[in-house]
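Listed below are the residues making up each chain.
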Amino acid sequence: MASSHSSSPVPRGGRDGIYHKERDPSPPRCRPVRSLPDVCPKEPTGEGRGLCDGPSVVAEHDRWTVYSSKVNLPAALNDPRLAKRESDFFTKTWGLDFAETEVMPSFYLPNITREHFGPYQQEMAQRERIHERCKTICPNKDDVDAVSSITTNHDKSRAELEQVPKIFMKPEFALEDPATFNTVLPWSHFNSAGGKSSRDVASSKLLQEKLSHYLDVVEVSIARQISLRSEAFFHAMSSQHELQDRLQETQRAVAVLRGRTAAIDRVMCQGPLRALRTALTRNNCVKLHNKLKLMAAVHQTQPTVQLLLSTSEFVGALELISTTKEVLQQELQGIHSFRHLGSQLCELEKLIDKMMVEDFSMYARSDLNRSLKDEPQVLEKERLESLVFGLLRQRKLDFLDIYSDEMIVAAKAIVTQCVAESVLHIEEIDTEVVTKLADQMRVMTFPQWFELLKNVFESFLLFLQRIKATLNVIKNVVLEVLASNQKNRLLEEAGSGASGQEASHSPSLLHGEAELAYLTHEGLFISDALNEAQQQQQQQQQAAVQDQSSVGGSRIQQSRTEAASSDSASGSAESSVIREQSFMSGENMMPTELELNRVINNIQELLYSASDVSHDRCVKVLTARAKDGSLERLSSAEFVCLSQAVEGFVRDTEELCGRRSVSLRGALQSQANRFVHRFHEERKTKLSLLLDNERWKQAEVPAEFQDLVNSIADGRITLPERKIPGPEDRKPTEFLLVNGQKYAVVGTVLLLIRIFLEYCQCVNDIPSIATDMLTRLSDLLKHFNSRSCQLVLGAGALQVVGLKTITTKNLALASRCLQLVVHYIPIIRAHFETKLQPKQFSVLRHFDHITKDYNDHIAEISAKLVAIMDSLFEKVLSKYEVKAPMPSACFRNVCKQMAKMHEAIYELLPEEQTQMLFLRINASFKMHLKRQLARLGVVNDGGPQHGLVVVDVAFYTENVQALKSLERLDLNMAEIWEQKR
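Keep in mind it's a predicted model, so treat the numbers as computed, not measured. Counting of residues starts from 1 at the beginning of each chain's written sequence and follows it residue by residue. Residues qualify for local features only when their pLDDT is at least 70, as the model is predicted, and side-chain atom pairs are given and counted only at 80 or more; totals for whole chains, interfaces and linings, by contrast, use all residues. Side-chain metrics in this entry use all non-hydrogen atoms of the structure; hydrogen atoms and water are not considered.

Here a helix means four or more residues in a row that DSSP labels H or I, a strand means two or more in a row labelled E, and each is numbered from the N terminus. Assigned secondary structure in the protein chain consists of 29 helices and two strands. Among the 981 residues that make up the protein chain, the fraction classed as buried is 37%. Nonlocal contacts in the protein chain, meaning residues at least 24 apart in sequence, comprise 78% of its contacts between residues at least 6 apart. Each accessible area is a Shrake-Rupley result for a 1.4 Å probe, and residues are judged covered by the shown protein chains and nothing else. For the protein chain, the exposed area adds up to about 58,900 Å²; of that, 55% sits on carbon and sulfur atoms. The buried label goes to any residue with under 20% of its type's maximum accessible area, the exposed label to any with over 50%, and the partly exposed label to all in between, with areas taken from a 1.4 Å probe on protein chains only. What makes two residues a contact is simply this: any of their non-hydrogen atoms within 4.5 Å.

In structure tokens form, the structure reads like this:
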């Protein structure tokens, strides 16, 4: 009711004069009110909902249409939630409350149930029954009359209506239906064969009167019903007149209100609204200007990228492309002139990817193939860092594979270059005849080839140092990116908690303005642009927008000029900061921390791979030389030099790369095994020849062998350097002094000492062959033991050398030589134990077996000496007779042989061994003498025969104790007599 269908606030009056215009008490207010336009029309470029979205209080409302409905009638009629249609659907008031809505129960009112009325019902039940009984007994007279009158009229009306046929009362009554029409008008009564008759006329009149009667009955019934409701009808008519009066007053009040509102609108609203509209228009113009500046900056993206690529500024170009694509998607989306720019930037980005990969491949090729002695180790460090940053930003994490391939090619070229340089200085090699590198290396002499090998080792060490320096630069770049990612993550976590407070205190920077600040910034890095834009926003927001708009073109021009004149040799600190800012802005493109850690691991693996490749190429050089067996024919000194060179190279590469490569060690081990086999066979053959020519006589000990033994005693298990003989050299000695003991030895044993020192020296020089060398040395010692046993105890020297007999002196000398070897076995064992790994200590048991075999051999020699005297005693004493003269010839012979035995072994064996040997000989003598006395029946009864035997025994004792070192020997000759029972 707040609006009217006419433009004038005062409606036209009717014919009855009630709504005449002359009745208005204030004619000036009835002038037509001009309909005001919308105070805040919607701007096409404005943001959000403006002031014009709400209904206007001043302006006339539009005419109501079906589209102004707040409730959907078909939806209300077809509500599936209702079991049946509402009975009062067409009688309810139309409006917002037409549809039923559930009203939540109030939380402040109690839930009233039937139980709350229980006490009241019980109290009033008795009174209600009495009241009902009284109403039944004494009804009201007026009510009875009214009821009886209504009942009588109703019965009468019902009786009259029952006269009307039921067909007229049916809802589906329609004369169009032929059946209904024939029932109401039975034409069969009117149809006759010849035409109209008097009977038909009468029937038609009768039917007409009947229908008229039915009509009268119905009209009377309707009139009766109207009379019953006449009071309500007249009351409604009077209420209608009153409602019209009130509407007229309301209309006049609305007209007054509209006039006053129009004055308020004219005086107080139109000016401020015009100012708001002007400010909104200005704001839109500023945004349009910024958009145009942004479009101008985006339009210059491709030339700027080309300028950056011309100076290899891949990171800046990629960052500019990324930001431009983001601006196109967010700020300039839908602009027709830029519809192809996004795809062009994507293609340009792919082109930059290919350029970076090719540039990195060229860099790796030029860096690895340049002269190894050139400085610096890292070629164009800034270019390498820029390439790595760009590849990481584009997630091209397989660039290390390119470097690995180039590294393998360069390693092959190093060997070829070294061989070519060496061949140039060797006139004996004709490169036109010998074309293959392996054949050229085999033609070289060992010193020439060894010099080549050292050059290869030196070149590969420089090669690995260069690779390590380059990989360290790459690793530092990756670590810098990783630290930047972690820093950004910490800043985001710290900023997420304070974002609400910062939003309430400072206005946020518009995204479009931030992008514009980036694109128009002279440094072309977004972090600086964002910082400047934030500072300007905090100082003065509107001034910042104006300043940004005014200097946009100049900044674009300045950025292009700087990009064109940029130099790749900028300071490392400045470039590092720039790259960090670049990655902070493009962190969504950067690899994750897991991927960066994987790249760091791959860098370390690449260094290991470089070490392995270098070792593999050196193995090729080694095997090419060893193909014809030349390395097996090296002397011990030459092979030791080769082993030391290889071990030194392996140790240097291990320190440099942090990995123990096994290929070169394995190749050296294989050659070492062949060398050890040849080394052992040579010395075993030499020892066999020495033993076969040994006459088992005491040899003089040259001074050099005494010095060798002394150095062993001092703990130096090595071969001393050969001294140039001079006039002051010492003369040879008869004995070999070892820790104060004299050892009478043969020449073979002296050479044997030098031979096993050669084994120990070889182990010192080549620790990797310690196990094999120990096995061969144990075999050599076993061979010496077994062969010496065959020659001495087995009397093999009689046939081999031509000795007439094996004397006691030969036996004693062989025993003493074996004792010397046994003395050195623990020293050799301790030396080898220092060269073996703990898991290899089990092979040391060979020395225990060898020591046992040598001791058994020594014991057999001692037993042989005793056996010689034992057979002599048995032969001589079997002819012994107890008779004068005394001492008997038998005892004289025994003492003579004992003196010869002592003379033969005294100077060869130490005093303790001599005493132990003669104690055993004396025990044998006593056994045979006791047996002979028992056979002769001589007992210690003090008789003549006993006295003669005592004289012989005293002679024997005196002669034996007269020998050197046997003075205190307890012969215990009383054991020759049988014990009395």
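Moving on from the model shown.
Take helix 27 (residues 889-905) next. Relative to the 24 Å expected for 17 residues at 1.5 Å per residue, helix 27 spans 25 Å between its end C-alpha atoms, a close match to the ideal helical length. What helix 27 keeps buried is the set Cys 890, Phe 891, Val 894, Cys 895, Met 898, Met 901, His 902, Ala 904 and Ile 905. Its buried side turned inward, helix 27 meets helix 25 (808-835), helix 26 (845-877), helix 28 (911-936) and helix 29 (944-961). By definition here, a helix of n residues has an expected span of 1.5 Å times n minus one.

In this section: a negative patch on the surface. Residues Glu 700, Glu 734, Glu 903 and Glu 907 make up a contiguous surface patch of negative charge. Of note, Glu 907 is situated in the loop between helix 27 and helix 28. Any residue with relative accessible area above 30% and no salt bridge may belong to a patch, with like charges joined within 9 Å and the nonpolar Val, Leu, Ile, Met, Phe, Trp and Tyr side chains within 5 Å. One speaks of a salt bridge when a side-chain nitrogen belonging to Lys or Arg is within 4 Å of a carboxyl oxygen belonging to Asp or Glu. Positive charges come from Lys and Arg alone, negative charges from Asp and Glu alone, with His and the N- and C-terminal ends not counted. Throughout, a charge is located at the NZ atom of Lys, the CZ atom of Arg, the CG atom of Asp or the CD atom of Glu.

Let's shift gears to helix 8 (residues 314-330). Taking 1.5 Å of rise per residue, the 17 residues of helix 8 would be expected to cover 24 Å, and the 24 Å separating its terminal C-alpha atoms lies within 8% of that figure. Within helix 8, 13 of the 17 residues are buried, which leaves the element mostly enclosed by the surrounding structure.

Here the focus is the nonpolar core. Within the largest apolar cluster, 197 residues are counted, with the highest numbers of intra-cluster contacts made by Ile 352, Trp 449, Phe 463, Leu 642, Phe 832, Leu 929 and Tyr 956. The greatest single-element share of this core, amounting to 20 residues, is contributed by helix 13 (residues 446-505). In this structure Phe 832 touches Cys 760, Val 763, Ala 770, Met 773, Leu 774, Leu 777, Leu 844 and Phe 847, once residues within four positions along its chain are discounted. Take the buried residues of types Ala, Val, Leu, Ile, Met, Phe, Trp, Tyr and Cys, join any two whose side-chain atoms come within 4.5 Å, and each joined set is a nonpolar core.

The next subject is the packing of aromatic side chains. Each aromatic pair joins two rings of Phe, Tyr and Trp (for Trp, the six-membered one) with centres within 6.5 Å, and gets the label stacked for planes under 30 degrees apart, edge-to-face for over 60, and tilted for any other angle. Within this structure, the stated rule accounts for 14 aromatic pairs. Both rings, one in Phe 457 and one in Phe 649, keep their centres 4.4 Å apart while their planes meet at 10 degrees; by these two values the pair is stacked. Of this pair, Phe 457 sits in helix 13 while Phe 649 sits in helix 19 (residues 636-657), and the two are 192 residues apart along the sequence. Their ring planes at 70 degrees and their centres at 5.2 Å tell us that Phe 873 and Phe 925 sit as a pair that is edge-to-face. Residue Phe 873 is located in helix 26, and its partner Phe 925 is located in helix 28; the two are separated by 52 residues in the primary sequence.

Here the focus is the environment of Lys 156. With respect to the helices, strands and loops of the structure, Lys 156 is situated in helix 3 (residues 141-161). Lys 156 gets classed as exposed once you look at its relative accessible area, which sits at 52%. Residues Lys 156 and Ser 221, spaced 65 residues apart in sequence, show a C-alpha to C-alpha distance of 9.8 Å.

With that settled, the discussion passes to the pattern of salt bridges. Applying the stated rule across the entire model yields 17 salt bridges. Here Arg 365 makes a salt bridge to Glu 406, at a shortest N to O gap of 3.3 Å. Residue Arg 365 is located in helix 9 (residues 341-369), and its partner Glu 406 is located in helix 11 (residues 399-424); the two are separated by 41 residues in the primary sequence. The class for Arg 365 is partly exposed, based on a relative accessible area of 37%. For Glu 406, a relative accessible area of 14% translates into the label buried. Here Arg 683 ties to Glu 758 by a salt bridge, and the two come within 2.7 Å at their closest N and O atoms. Remark: Glu 758 occurs in helix 22 (residues 747-765) and Arg 683 occurs in helix 20 (residues 663-692); sequence separation between them is 75 residues. With respect to burial, Arg 683 and Glu 758 carry one shared label: buried. Here the salt bridges share partners, and the residues they tie into one network are Glu 647, Glu 654, Arg 660 and Arg 665.

Here we take up the packing of helix 7 (residues 301-310) against helix 9. Helix axes are fitted to C-alpha atoms over the stretch in contact, other axes to C-alpha atoms as well, and angles between N-to-C directions run from 0 to 180 degrees. Taken N-terminus to C-terminus, the directions of helix 7 and helix 9 make an angle of 5 degrees; their axes are 12 Å apart at the nearest point. Here helix 7 lies roughly parallel to helix 9, going by the angle between them. Counting all contacts with helix 7, which are made through Thr 301, Gln 302, Val 305 and Leu 309, the residues of helix 9 involved are Leu 341, Gln 344, Leu 345, Leu 348, Ile 352 and Met 355. Charged means Asp, Glu, Lys or Arg here, nonpolar means Ala, Val, Leu, Ile, Met, Phe, Trp, Tyr, Cys or Pro, and polar covers whatever is left, Gly included. When grouped by side-chain class, the residues that make up the contact of helix 7 with helix 9 number seven nonpolar, three polar and no charged. These descriptions rest on fixed angle ranges, namely under 35 degrees for roughly parallel, over 145 for roughly antiparallel, 65 to 115 for roughly perpendicular, and the rest for oblique.

Further remarks concern the confidence of the model for the protein chain. When pLDDT is averaged across the protein chain, the result is 76; 75% of the residues are at 70 or more. Here residues 540-578 scores under 50 on pLDDT; set against residues more than four positions off or in separate chains, the count is 52 contacts. Think of pLDDT as the predictor's per-residue confidence, scored from 0 to 100. In this model residues 580-587 is a low-confidence stretch, pLDDT under 50, and it forms 22 contacts with partners more than four residues away in sequence or in other chains.

Bringing unusual backbone geometry into the picture now. The omega angle of the peptide bond from Ala 884 to Pro 885 is -5 degrees, so this bond is cis rather than trans. Pro 887 follows Met 886 through a cis peptide bond whose omega is -5 degrees. Take Pro 887: it is sitting in the loop between helix 26 and helix 27. Positioned with a positive phi, Asn 739 is a non-glycine residue whose angle comes to about 55 degrees. Looking at where Asn 739 falls in the secondary structure, it is placed in the loop between strand 1 (736-738) and strand 2 (741-743). Non-glycine residue Asn 972 carries a positive phi angle of around 50 degrees. Tracing the chain through its elements places Asn 972 in the segment after helix 29.

Turning next to the packing of helix 7 against helix 8. Look at helix 7 against helix 8: their axes get within 8 Å of each other, and the N-to-C directions meet at 165 degrees. For the element pair helix 7 / helix 8, the angle class is roughly antiparallel. In this structure, helix 7 meets helix 8 at a crossing whose hand is left-handed. On helix 8, the residues touching Thr 301, Thr 304, Val 305, Leu 308 and Leu 309 of helix 7 are Phe 314, Gly 316, Ala 317, Leu 320, Ile 321 and Thr 324. Split by residue class, the contact of helix 7 with helix 8 holds seven nonpolar, four polar and no charged. Helix crossings are classified by the rotation of the near helix relative to the far one: an anticlockwise turn of less than a right angle makes the crossing left-handed, while a clockwise turn makes it right-handed.

Here we come to the state of the cysteines. Cysteine sulfur atoms that pair up within 2.5 Å are treated as a disulfide. Evaluation of the coordinates by the stated rule reveals zero disulfides. No disulfide involves Cys 618; its sulfur sits 9.2 Å from that of Cys 418, the nearest cysteine. Cys 618 sits in the buried class, given a relative accessible area of 1%.

This paragraph deals with a nonpolar patch on the surface. Taken together, Phe 233, Phe 234 and Met 237 make up a surface patch of nonpolar side chains, about 350 Å² in accessible area. For Phe 234, the location among the structural elements is in helix 6 (residues 230-299).

The next point concerns the environment of Tyr 956. Relative to the elements of secondary structure, Tyr 956 occurs in helix 29. Taking the relative accessible area as the measure of exposure, Tyr 956 reaches 0% and is therefore buried. For the pair Tyr 956 and Pro 887, spaced 69 residues apart in the sequence, the C-alpha separation amounts to 8.8 Å. Non-local contacts of Tyr 956, meaning those with residues more than four positions away in its chain, are made with Phe 891, Val 894, Cys 895, Met 898, Asn 922, Phe 925, Leu 971 and Met 973.

Okay, the environment of Tyr 608 next. With respect to the helices, strands and loops of the structure, Tyr 608 is situated in helix 18 (residues 593-626). Each C-alpha atom, one on Tyr 608 and one on Leu 464, is 9.9 Å from the other, the two residues being 144 residues apart in sequence. Each residue touching Tyr 608, except ones within four places of it in the same chain, is listed here: Cys 657, Gly 658 and Arg 659.

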